[in-house]
Amino acid sequence: TETFTFSLNLAKDPEPKIQSVALAYTATGGSSKTETLNGLDTTTITISDTSATLTFTATDEIGQVVEVKVNDQALDTATDGRYTATLTLNSGINVIEITAKDDAGQTTTFTATVNVILDKFPTISAVTLTLGDQTYNLETGTTLILPDLPETGLLSFLIADDHQLSNYEVKV
């Protein structure tokens, strides 16, 4: 008879990890911003464009991540563990759920809540120009050519904004 000796090293296979979750978006005024999402606190952002980009890592210590979903939409598996998903945000509460499943069938879920304040661009309407006793209603793209201009006149208009109008400028 022959005797074989071997050792067996058993280790518990931990669940996949979801980390470095960040949301990139265009804030009101056009500046690009990125918020780190921790899954505990509600993050409030003010935007004028509803598209955003979610980035995160999903890794597994022993096996490999075989399936990743964002809000039940499957993403292509990334060999380096880095993922990107484009989201369309709605005004109000948005729940973002990321799930990662490893080759042992274990699943991890990361849930973040983002409160979106949608700040649409201001609108200008009812633009009128009064010169002397003549009033002109002006619309976008209107060109007004006059042979004589009086020294004084009145330009009037309405500005409407759904959130906060910080300033406006009139150049003549």
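Quantities reported herein were computed from a predicted structural model and do not represent experimental measurements.

J.: Help me out: how do you make sense of the nonpolar core in this one?
T.: In a soluble, globular protein the nonpolar side chains are often hidden away together inside. One finds Leu23, Leu37, Leu54 and Phe56 to be the most contacted residues of the largest nonpolar core, which totals 26 residues. Elements with a contribution of two residues or more to this core: strand S1 (17–27), strand S3 (42–59), strand S4 (65–70), strand S6 (82–88), strand S7 (92–102) and strand S8 (107–118). With six residues, the single largest contributor to this core is S3. Not counting chain neighbours up to four residues away, the residues in contact with Leu54 comprise Val21, Ala22, Leu23, Leu37, Val70, Tyr83, Thr84, Ala85, Leu87, Ile96 and Ile98.

J.: Help me out: how do you make sense of the packing of aromatic side chains in this one?
T.: Two measures describe an aromatic ring pair: the distance that separates the ring centres and the angle between the ring planes. This model, assessed by the stated rule, comprises one aromatic pair. Ring centres of Phe56 and Tyr83 lie 5.4 Å apart, and the angle between their planes is 15°; on these two criteria the pair is classed as stacked. Taken together, the residues span a long stretch of sequence, with Phe56 in strand S3 and Tyr83 in strand S6 at a distance of 27 residues. The exposure class assigned to Phe56 is buried, which follows from its relative accessible area of 3%.

Here is what the cut-offs are and how they apply
- Residues numbered from 1 in each chain as written.
- Predicted model: local features only at pLDDT ≥ 70, side-chain atom pairs only at ≥ 80, totals over all residues.
- Heavy atoms only, no water.
- Core = buried A, V, L, I, M, F, W, Y, C linked by side-chain atoms within 4.5 Å.
- Buried < 20%, exposed > 50% of the residue type's maximum accessible area, 1.4 Å probe, protein only.
- Helix = DSSP H or I, 4+ residues; strand = E, 2+ residues; numbered from the N terminus.
- Contact = heavy atoms within 4.5 Å.
- Phe/Tyr/Trp six-rings, centres within 6.5 Å; stacked < 30°, edge-to-face > 60°.

What is shown is where atoms sit, not what they do.
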